[in-house]
Amino acid sequence: RRDTRSDPAAERPIPRFESKDGKHALIVDGAPFLVLGGQAHNSSNYPEPLKQVWPALDELGANTLSISIAWEQFEPEEGRFDFSFVDHLLEQARAHDKRLILLWFATWKNNGPNYAPRWVKLDNARFPRLVREDGQVLNSLSPHAPATLEADRKAFARLMTHLREHDPQRTVIMVQPQNEPGTYGGVRDFSPLAQQAFDGPVPEALLAHLGKSPGTWREVFGADADETFHAWHIARYIDQVAEAGKAEYPLPMYVNAALRGPFNPGQPGQYASGGPTDNMLDVYKAAAKHIDLLAPDIYMPEHLLYTTVLERYARPDNALFVAETGNTPAYARYLFAALGHDGIGWVPFGMDYTPYGNWPLGAKRTTPETIAPFAQAFARINLGMRVFAKAASEGRLHGVSEAPGVPEQQIRLNDRWNATIAYGLPHFWFQGVPPGNPEPIGGALIAELGPDEFLVTGMHARVTIQPARDGVAMIYDRVEEGRYADTAWEFHRNWNGDQTDYGLNFSEAAQLLRVTLATYPTR
Ligand code: N0T
């Protein structure tokens, strides 16, 4: 038995997810935390490739690594568990001063059971695949098979027990059961077992959550019945896996979504049917009470698409966490918009130096040049991560990312102040319409610290602040540059003169400003 008196680490609180009055926080070491993460490539989950992960994470300035734990490596034979990689990973993460998000690649790793052990994925009788209406069998496991649920649940619970016993440092801060669940190439399971459930009544819990009247799936949901049915059963399945895991060790857990197009979604099956796509969020909320949040994986570099996804997943009943995003330069600026939606974290994908690239989704190869714009974005948030996190948890965080052809954006900060974010301007002087940056790489993030006090940072952007009322003009009281050591402000200098005469100008350099505003009457 561990002696907690001689090991202070053993007394660290378990990371938890907190939600109240429509505001959300991931609590790590007792306070709100922002995941400034990097996700490793899918097959980097072994000691050898792991060596090529840490240098990339360090270059990125990430505080968290998201990385897969494959069911096939964890339970290679039924009932025989192999903890060696998990243990190695925990020890390595601590040595590299990173937290971990573990991705449980099991029944669903994007549609298929390819990461399930061979005793699962090769036994279609015991662990049946989904059968399409035309009789074709897909490489996607049916969520209706009790044996599959039982096996996955057992293994996942064992993983969580192991973490409870071997991670008093709370190196692992969140867990993602499954990965982008759902089915490609079919809308739902049409096997006799599934069909029987489909012909039965819609569960009361779902009806109540949606405010709908009883009936069969077809009666209640019409043309959306098949997808809704599949989503419900996948969500219930994952919820039972999560429930068993949390009973062992209650870490925050989330499910990530392979998105459908926000405006031209296409048909379920063309996108992952049964996953937590934007149209199925309410179904997941009703079905998966042990899942803390539903997280988008955003591989859409266009500003309108990206920010629309942020808006759809940032809800009073759902914290925004961008579990994956592309790692080409266009994506780096979206850190600001994501956190500006009071996001709890943001994780570019493929951030390791193993020789692979998921181009055209992301970079052809991850190099220091790939990482640079992301590192620059992270660097300024790292100067005050805990303070930004607290602001997000109280709905006091505002952020924008540059849109092509839109050289200026407005932010309403509170009832006293508005901000203008302009792009492509020199740092000294300028009259007229801002040109925008040659590529849209700018962004800004502003936390409200008090009615007249703001924490401001940005990248390739000029921030100016105006009073919201007439008859007064803004004057800076103080524009202190510095950084927070945890939550204690460390003053470096006061900006004045050229540094403030033309707004607060941010380049690629990581700078954090604590700005106190005042007014004088204009007549
Ligand atoms: C992601 C990643 C990894 C034309 C892709 C994104 C990760 C998984 N899937 O590198 O496989 O494990 O979660 C799917 C996005 C498809 C969009 C196709 C648009």
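Residues numbered from 1 in each chain as written. Predicted model: local features only at pLDDT ≥ 70, side-chain atom pairs only at ≥ 80, totals over all residues. Heavy atoms only, no water.

### Side note on the site of the ligand
Looking at the ligand, the residues that line it are N42, K109, N110, N179, E180, D297, Y299, E324, F349, N358 and L361. Here an oxygen atom of the ligand sits 2.9 Å away from a polar atom, N or O, in the side chain of N179. Here an oxygen atom of the ligand and a side-chain polar atom of N358 are 2.9 Å apart. In the complex, 61% of the free accessible area of the ligand, which totals 500 Å², lies under the protein chains. Of the residues that constitute the shell around the ligand, the class distribution is 3 nonpolar, 4 polar and 4 charged. (Near = heavy atom within 4 Å. Polar contact = N/O pair within 3.5 Å; in protein donor to acceptor, adjacent residues only side chain to side chain. Areas by Shrake-Rupley, 256 points an atom, 1.4 Å probe, with all protein chains shown as cover. Nonpolar A, V, L, I, M, F, W, Y, C, P; charged D, E, K, R; others polar.)

### Section: the nonpolar core
One broad trend across soluble globular proteins is that nonpolar side chains are buried collectively. If you look at the biggest cluster of nonpolar residues, it comprises 134 residues, and the most contacted ones within it are L65, L89 and F321. Ranked by the residues each element gives to this core, the list is headed by helix α10 (residues 225-248), at 10 residues. Counting the residues that make up this core, at least three belong to each of domain 1 (34-386) and domain 2 (401-521). Setting aside residues up to four positions removed in sequence, L65 forms contacts with G38, A40, L50, V53, W54, L57, L89, R99, L100 and I101. (Core = buried A, V, L, I, M, F, W, Y, C linked by side-chain atoms within 4.5 Å. Buried < 20%, exposed > 50% of the residue type's maximum accessible area, 1.4 Å probe, protein only. Helix = DSSP H or I, 4+ residues; strand = E, 2+ residues; numbered from the N terminus. Domains from an automatic or database assignment. Contact = heavy atoms within 4.5 Å.)

### Here's the deal with the pairing of strand β2 (residues 23-28)
Counting buried residues along β2, 5 of its 6 residues qualify, which places the element largely inside the surrounding structure. Hairpin remark: strand β1 (residues 16-20) followed by β2, antiparallel, with 2 residues in the connecting loop; positive phi at D21, about 50 degrees. Pairing of β2 with strand β3 (residues 31-32), which is carried by 2 bridges, proceeds in the antiparallel orientation. If you follow I27 over to β3, its bridge partner there is P32. What sits between β2 and β3 in their antiparallel hairpin is a turn of 2 residues, with D29 showing a positive phi close to 55 degrees. (Pairing = 2+ DSSP bridges.)

### Focus on the domain arrangement of the protein
Domains assigned within the protein are domain 1 (34-386) and domain 2 (401-521). The straight-line distance from the C-alpha centre of domain 1 to that of domain 2 is 36 Å. Between domain 1 and domain 2, the contact holds 17 residues from the first and 25 residues from the second. Carbon and sulfur atoms supply 63% of the area buried between domain 1 and domain 2, which totals about 1600 Å² over both sides. Our count for the domain 1 to domain 2 interface comes out at 0 salt bridges. Run the count over domain 1 and domain 2 and you get 10 residue pairs in polar contact (both at pLDDT 80 or more). Breaking the side of domain 1 that touches domain 2 down by element, the ones donating at least two residues are α13 (334-340) and α14 (368-382). Looking at the side of domain 1 that touches domain 2, the element that brings in the most residues is α14, giving 7 residues. (Buried area = accessible area lost by both parts, 1.4 Å probe. Salt bridge = Lys/Arg side-chain N within 4 Å of Asp/Glu carboxyl O.)

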